[in-house]
Amino acid sequence: MCITSDLLVKTSKGIYCPKGDFYIDPVRAVKLALISHGHADHAKSGHGHFHCTDATGTILDRRLNQSDCTTHAWEESFEIGGVKISFHPAGHVLGSAQIRLESEGKVWVFSGDYKRQADSSCEPFRLVPCDVFITEATFALPVYQWKNPEEVFTEIHEWVTQNQKQNLNSVLLAYSLGKAQRLLTGLLPYQKEPIWVHKSIEEMNQCYSKHGVQLPLTSPIKEWKKLSPYPTGQLIILPQAGLTDDLVDRLGPHRIASASGWNMVQNAKKRVGPTNGFVVSDHVDWPDLVQTIRETGAKRVWVTHGQNRSFARYLRECEGVDAIAWEDLENDARG
Ligand SMILES: [Zn+2]
Ligand SMILES: [Zn+2]
């Protein structure tokens, strides 16, 4: 057991604030939580109560059927147990927040997942200066450097056009929350016909529309089955789990591609298989990750997710920051 006077500590349920008796993105149900965004690895169900941004509240109402939360506008501050808290855009998906905590003159920022590339489907990242920064490190290797997203949308459009010429349907695999809407808004300038989407994407689209995001026209994939003959030359966006055998049988001749940051390495390895992929990620790439940490001015950094040990070492040795990997933090028994 290690008792520290730090505002936040590591516990078996995740990051805990002893002073305010709350958790941040806990991995299990707790009495009181702050939730950074709507992805399942950050927003578990069953919390007694939680705080999040207005848009994340809309998303979690749909995803967890849980509306027992207090929602906040961007940068609106509130207090729990003497800790001053506010949510700041993380640029990852709609409503995604960095969480700023201030107590006794010290500022901690929990980044959640974040990116700094342009994305018209969500609020752009805003830098929050701090003393201690808790960063993700999903793509914390120099090999991960993203292209301009406009170039990727052009590549996707060209792929769809090529497939159309061969009477093939184009199936693009993407997460239902965030990636799908980013692709939809990116493809908006090219749209001629409605884009077919899975039900889980349609549900998230409704949340995005409610918060003022303009999306192209879509058709629910369940309507596909009613058509005879099945259409060709169409674009269909589905989460991986939506690509069921039953649906594959009905798609007619088609090509499948995924849209993910991991494709950077998968493509380089020239993996052969059913999917070839477009490189588009909702996380910071290597240059943006390093630059963000410099710009926060943080002297201490906790590194969570992904390449956390090697990245913490890089920060210590090359950036002169007191950095520690999540795995190397001691568990505090208070949480
Ligand atoms: Zn996420
Ligand atoms: Zn995550």
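Note that the structure is predicted; figures quoted are calculated from it, not measured.

1. Topic: the pattern of salt bridges
- Tallied over the full model, the rule gives 19 salt bridges.
- Note that Glu104 is salt-bridged to Lys19, the shortest N-O span being 3.6 Å. Of this pair, Glu104 sits in the loop between β9 (97-103) and β10 (106-110) while Lys19 sits in the loop between β2 (14-17) and β3 (22-24), and the two are 85 residues apart along the sequence.
- A residue is classified by how much of its surface remains accessible, and Glu104, at 75% relative accessible area, is exposed.
- Classification of Lys19 as partly exposed rests on a relative accessible area of 39%.
- A salt bridge links Arg309 to Glu327; the shortest N-O distance between them is 3.2 Å. Of this pair, Arg309 sits in helix α8 (residues 308-318) while Glu327 sits in the segment after β19 (322-325), and the two are 18 residues apart along the sequence.
- Classification of Arg309 as partly exposed rests on a relative accessible area of 45%.

2. Focus: the sheet that holds β19
- Read from one edge to the other, the open sheet built from seven strands follows the order β7-β8-β9-β10-β11-β18-β19, with strand pairing classed as mixed. Since the sheet does not close on itself, it has two edges, and those belong to β7 (78-80) and β19, each with one partner. Put simply, the sheet's adjacent strands are angled 25° from each other on average, direction ignored.
- Bridge count between strand β8 (residues 83-89) and β9: six bridges; the pairing is antiparallel. If you follow Phe87 over to β9, its bridge partner there is Ile99.
- Packing against the sheet, helix α7 (residues 286-296) makes contact with β11 (132-136) and β18 (300-304), and its axis sits at approximately 165° to β11.
- Taken strand by strand, α8 contacts β11, β18 and β19, and its axis lies near 170° from that of β19.

3. A short note on the coordination of the zinc ion (ligand 2)
- The zinc ion (ligand 2) binds to the protein through Asp41 (OD), His42 (NE2) and Asp113 (OD), with metal-donor distances spanning 2.1 to 2.6 Å.
- Going along the chain, you hit the donors of the zinc ion (ligand 2) in the pattern D-H-x70-D.
- The distance between the zinc ion (ligand 2) and the zinc ion (ligand 1) comes to 3.7 Å, and Asp113 binds to both of them.
- Look at His42 and you get buried, because its relative accessible area is 2%.

4. Remarks on unusual backbone geometry
- Of note, the amide linkage connecting Ser228 to Pro229 takes the cis form, showing an omega dihedral of -5°.
- Within the secondary structure, Pro229 is located in the loop between β14 (218-220) and β15 (235-238).
- Unusually for a residue other than glycine, Glu104 sits at a positive phi of about 50°.
- The phi dihedral of His305 is positive, around 65°, even though this residue is not glycine.
- Note that His305 resides in the loop between β18 and α8.

5. Remarks on the pairing of strand β5 (residues 49-53)
- Across the five residues that make up β5, a large majority, four, are buried.
- Pairing geometry for strand β4 (residues 32-34) and β5, over three bridges, is parallel. Paired with Leu34 across the two strands is His51, which belongs to β5.
- The pairing of β5 with strand β6 (residues 69-72) spans four bridges and is parallel. Opposite Phe50, over in β6, you have Cys69 as the bridge partner.

6. Things to note about the side chain of Asp285
- Considering the arrangement of structural elements, one finds Asp285 in the loop between β17 (275-278) and α7.
- Despite its burial, Asp285 pairs with no opposite charge, the nearest such side chain being Arg116 at 8.8 Å.
- At 3.2 Å, the side chain of Asp285 forms a polar contact with the backbone nitrogen of Asp288.
- Discounting chain neighbours no more than four positions away, the residues touching Asp285 are Phe139, Tyr144, Gln145 and Trp146.

7. A short note on the pairing of β8
- In terms of burial, β8 is largely enclosed, as six of its seven residues are buried.
- Bridge analysis of β7 against β8 gives three bridges, and the strand direction is antiparallel. Bridged to Phe78 within β8 is Ile85.
- The hairpin turn running from β7 into β8, its antiparallel successor, is two residues long, and Gly81 in that turn takes a positive phi close to 55°.

8. Description of the domain arrangement of the chain
- Per the domain assignment, the segments of the chain are domain 1 (9-143 + 283-328) and domain 2 (149-278).
- Computed over C-alpha atoms only, the centres of domain 1 and domain 2 are separated by 29 Å.
- Counting from both sides, the interface comprises 19 residues of domain 1 and, opposite them, 19 residues of domain 2.
- Across the interface of domain 1 and domain 2, roughly 1700 Å² is buried in total on both sides, 65% from carbon and sulfur atoms.
- Sorting the residues of domain 1 by area buried against domain 2 places Arg62, Leu94 and Ser121 first, and these three jointly supply 31% of that buried surface.
- One can count one salt bridge joining domain 1 with domain 2.
- Between Arg182 and Asp119 there is a salt bridge, with its nearest N and O atoms 3.8 Å apart.

Reading the values: the criteria
- Residues numbered from 1 in each chain as written.
- Chains lettered and ligands numbered in written order.
- Predicted model: local features only at pLDDT ≥ 70, side-chain atom pairs only at ≥ 80, totals over all residues.
- Heavy atoms only, no water.
- Salt bridge = Lys/Arg side-chain N within 4 Å of Asp/Glu carboxyl O.
- Helix = DSSP H or I, 4+ residues; strand = E, 2+ residues; numbered from the N terminus.
- Buried < 20%, exposed > 50% of the residue type's maximum accessible area, 1.4 Å probe, protein only.
- Pairing = 2+ DSSP bridges.
- Axes fitted to C-alpha atoms, helices over the stretch in contact; angles between N-to-C directions.
- Contact = heavy atoms within 4.5 Å.
- Donors = N, O, S within 2.8 Å, 3.2 Å for Na, K, Ca; no water.
- Lys, Arg positive; Asp, Glu negative; His and termini not counted.
- Polar contact = N/O pair within 3.5 Å; in protein donor to acceptor, adjacent residues only side chain to side chain.
- Domains from an automatic or database assignment.
- Buried area = accessible area lost by both parts, 1.4 Å probe.

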